[in-house]
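Residue-level listing of the chains:
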Amino acid sequence: MNEEFGIQLHEKLKAVYFTLLKMGANKQDAEDILQETAYQFIKYIDGIDANYAEAWLYRVAINKFYDALRKKKHANNYVLTFNLQDLLDEQTPESYVLQKEAQTTIQQTLSMLQPKEMELLLLKYSAELTLNEIAILFQTTDKSIKTQLARARKKFSEVFERTGDYGENINY
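The paragraphs below set out a description of the structure included in this document. Note that the coordinates shown come from a computational prediction; the quantities given were computed from them, not determined experimentally.

Quick notes on the overall build of the protein chain
Then, number 1: Looking only at helices and strands, the protein chain features 8 helices and 0 strands.
Then, number 2: Counted from the first residue to the last, the protein chain has its helices and strands arranged as α-α-α-α-α-α-α-α.
Then, number 3: For the protein chain, buried positions account for 34% of its 172 residues.
Then, number 4: Taking contacts inside the protein chain between residues at least 6 apart in sequence as the whole, the part at least 24 apart equals 64%.
Then, number 5: Split by element, the accessible area of the protein chain, about 11200 Å² in all, is 51% carbon and sulfur.

Shown next, in the form of structure tokens:
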């Protein structure tokens, strides 16, 4: 493995890591999943098409995340992690609390969606994948992904509006 390939793989895995965190994995689980995914990627590198490598990494990591959820029987318990660095940034305590409340509300709203809807929204807006990359990931067409994404956005908006101001009506 050359150094340039290692750097590119590291960058792709870092993006996958942050997607796992946004999906609700805690830091330790995300790191474990990432390590298993990287090992599997290197193990099967000869059988993976270079054009689909990034999609392969996302799909394997997401599947491992869902497997871990099933094993822990916490399928509906998505947890936001606490980031100390956020406190150290130049923010007022009030803006930090408001930002955390917004993140919590968004995470709760996402958890009310179907898993595929949540994945589509996170891959598009958090991981910033293109429609074509997401289509490769789900083995479908980009037109189909565009339609599904529009439906997921609409459902997210409806659920978000139904919950009121920052989740006041969300049942725990």
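Description of helix α6 (residues 115-126)
Then, number 1: A rise of 1.5 Å per residue sets the reference length of α6, with its 12 residues, at 16 Å; its end C-alpha atoms lie 15 Å apart and thus fit the reference within 8%.
Then, number 2: The complete set of buried residues in α6 reads E117, M118, E119, L120, L121, L122 and L123.
Then, number 3: Residues of α6 that are buried make contact with α1 (3-23), α3 (53-72), α5 (93-111), α7 (131-138) and α8 (142-162).

Considering the pattern of salt bridges
Then, number 1: Within this structure, the stated rule accounts for 5 salt bridges.
Then, number 2: A salt bridge links K12 to E54, with the nearest nitrogen and oxygen atoms 3.6 Å apart. Pair noted here: K12 is in helix α1 and E54 is in helix α3, with a separation of 42 residues, a long-range link.
Then, number 3: Owing to a relative accessible area of 35%, K12 belongs among the partly exposed residues under this scheme.

Cut-offs used in this document
Residues numbered from 1 in each chain as written. Predicted model: local features only at pLDDT ≥ 70, side-chain atom pairs only at ≥ 80, totals over all residues. Heavy atoms only, no water. Helix = DSSP H or I, 4+ residues; strand = E, 2+ residues; numbered from the N terminus. Buried < 20%, exposed > 50% of the residue type's maximum accessible area, 1.4 Å probe, protein only. Contact = heavy atoms within 4.5 Å. Areas by Shrake-Rupley, 256 points an atom, 1.4 Å probe, with all protein chains shown as cover. Expected span 1.5 Å × (residues − 1). Salt bridge = Lys/Arg side-chain N within 4 Å of Asp/Glu carboxyl O.

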